[in-house]
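As a plain string of letters, each chain reads:
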Amino acid sequence: MYELYILKSYREKYLGWKLKLCPARGCNYVIEFHLASEDEEHSLNIVCLCGHIFCWRCMLESHRPVTCNNASDWLSRDLEKLIEEVDKPSTVSWIDANTKPCPHCFIPVEIDGERPWAQFLTCVCSGRFCWKCFRSPETHGTSGSCLAPARSSNVGFNHWNRAKPGISCLDLWNASQVNLVNAKYELEAFEESIIKKPSDLKEQDVKVLREGLMLIVQCRQFLKWSCAYDYIHTEYDMAKREYLRFLQQNASGIVHSFSQSIKEETEAKELTCGKLLSETTNIGNFFYHFIKTLREGLPEVQAESYDNYGGPYWLCDRCTYGNSWFQRACKMCCDPTASKMDELSD
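The model shown is predicted, which means the values in this text are computed figures rather than measured ones.

Parameters at a glance
- Residues numbered from 1 in each chain as written.
- Predicted model: local features only at pLDDT ≥ 70, side-chain atom pairs only at ≥ 80, totals over all residues.
- Heavy atoms only, no water.
- Helix = DSSP H or I, 4+ residues; strand = E, 2+ residues; numbered from the N terminus.
- Buried < 20%, exposed > 50% of the residue type's maximum accessible area, 1.4 Å probe, protein only.
- Lys, Arg positive; Asp, Glu negative; His and termini not counted.
- Salt bridge = Lys/Arg side-chain N within 4 Å of Asp/Glu carboxyl O.
- Polar contact = N/O pair within 3.5 Å; in protein donor to acceptor, adjacent residues only side chain to side chain.
- Contact = heavy atoms within 4.5 Å.

Trainee: Describe the side chain of Arg-220, listing the residues and the values that go with them.
Mentor: Relative to the elements of secondary structure, Arg-220 occurs in helix H6 (residues 203–233). Here Arg-220 sits buried without a salt bridge, and the closest side chain of opposite charge, Glu-186, lies 7.9 Å off (N-O distance). At 3.2 Å, the side chain of Arg-220 and the side chain of Ser-252 are in polar contact. Ignoring any residue separated from it by four or fewer positions in sequence, one finds Arg-220 in contact with Asn-179, Leu-180, Ala-183, Ser-252, Val-255 and His-256.

Trainee: Which residues make up the pattern of salt bridges, and what values go with them?
Mentor: Overall, the coordinates contain 7 salt bridges when judged by the stated rule. With its nearest N and O atoms 2.5 Å apart, the salt bridge here joins Glu-61 to Lys-224. Residue Glu-61 is located in the loop between strand S4 (53–55) and helix H3 (68–87), and its partner Lys-224 is located in helix H6; the two are separated by 163 residues in the primary sequence. In this structure, Asp-78 and Arg-77 form a salt bridge, with 3.0 Å as the shortest nitrogen-oxygen distance. Using a relative accessible area of 7% as the deciding quantity, one classes Asp-78 as buried. In the salt-bridge network here, residues are joined through shared partners; they are Asp-230, Arg-241 and Arg-245.

Here's what the structure looks like:
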């Protein structure tokens, strides 16, 4: 009773500051936090014994490489905004489905939905055409049926063809979430198999496999939140976004390969701990430098027009507009931080 009283008194004194309950559903672990260094970006990420990884400061799931404020804004505002944009009817999609470009002036003309038999449309330019084959009433078939569209009728319509948009941050976020759920499921399945069906694996082997599976969960979680970093920090810099997605694709491939190695080692009769330990260390080092690269703002990507002050203009970091060197701020987006004149004056 005395020991329980001392433990309860200690928990009540430090709960919320030095002690916190794990926010995972169904977990009753109490975690004591020791500040090892002043590097908050790394020290605030906690791994509970239940496998849940969370941020000590905001109690959200671990959200490196973004800050607590960025993570909160992403979950409460940005993510909902992207979902609403996907769900609501697209203006461009409506135009494509309900209008036809006039073959004379290329202005879109709305199809009369109330009179589907009205085969000919009249444009503001007074031109009339068939919305099926784009022919004029004079050259149209005498019987009223559409003839095969002439090759020349499609000339000039190329500017209406829109390129397929690239993969959005929301798509990457959802795909990463699926990978994270699968990684957590594999970790839970491993723990249950060890408890229910003890195998011939040694304690050291179980420890190596558990650390490898937990590392996969951490890597998948980081890759998921790197999608939020993509939306927040590379929205106006296509070069950095392209480089970031290259790094994401490369990192995802490495994690997938490591996951396959763990499955093969688990099914093998004899576990090679040395190989798994080496791969675990290599992946840990890779993601450490990946995190560092994002925290530093992807410094590897630089605008070529800034090197040696070449070119008759400088490109804005935000909107990529070409500005004269006599302009201190971007003429297009009026972003004063985009100016490079201060660097030239130094």
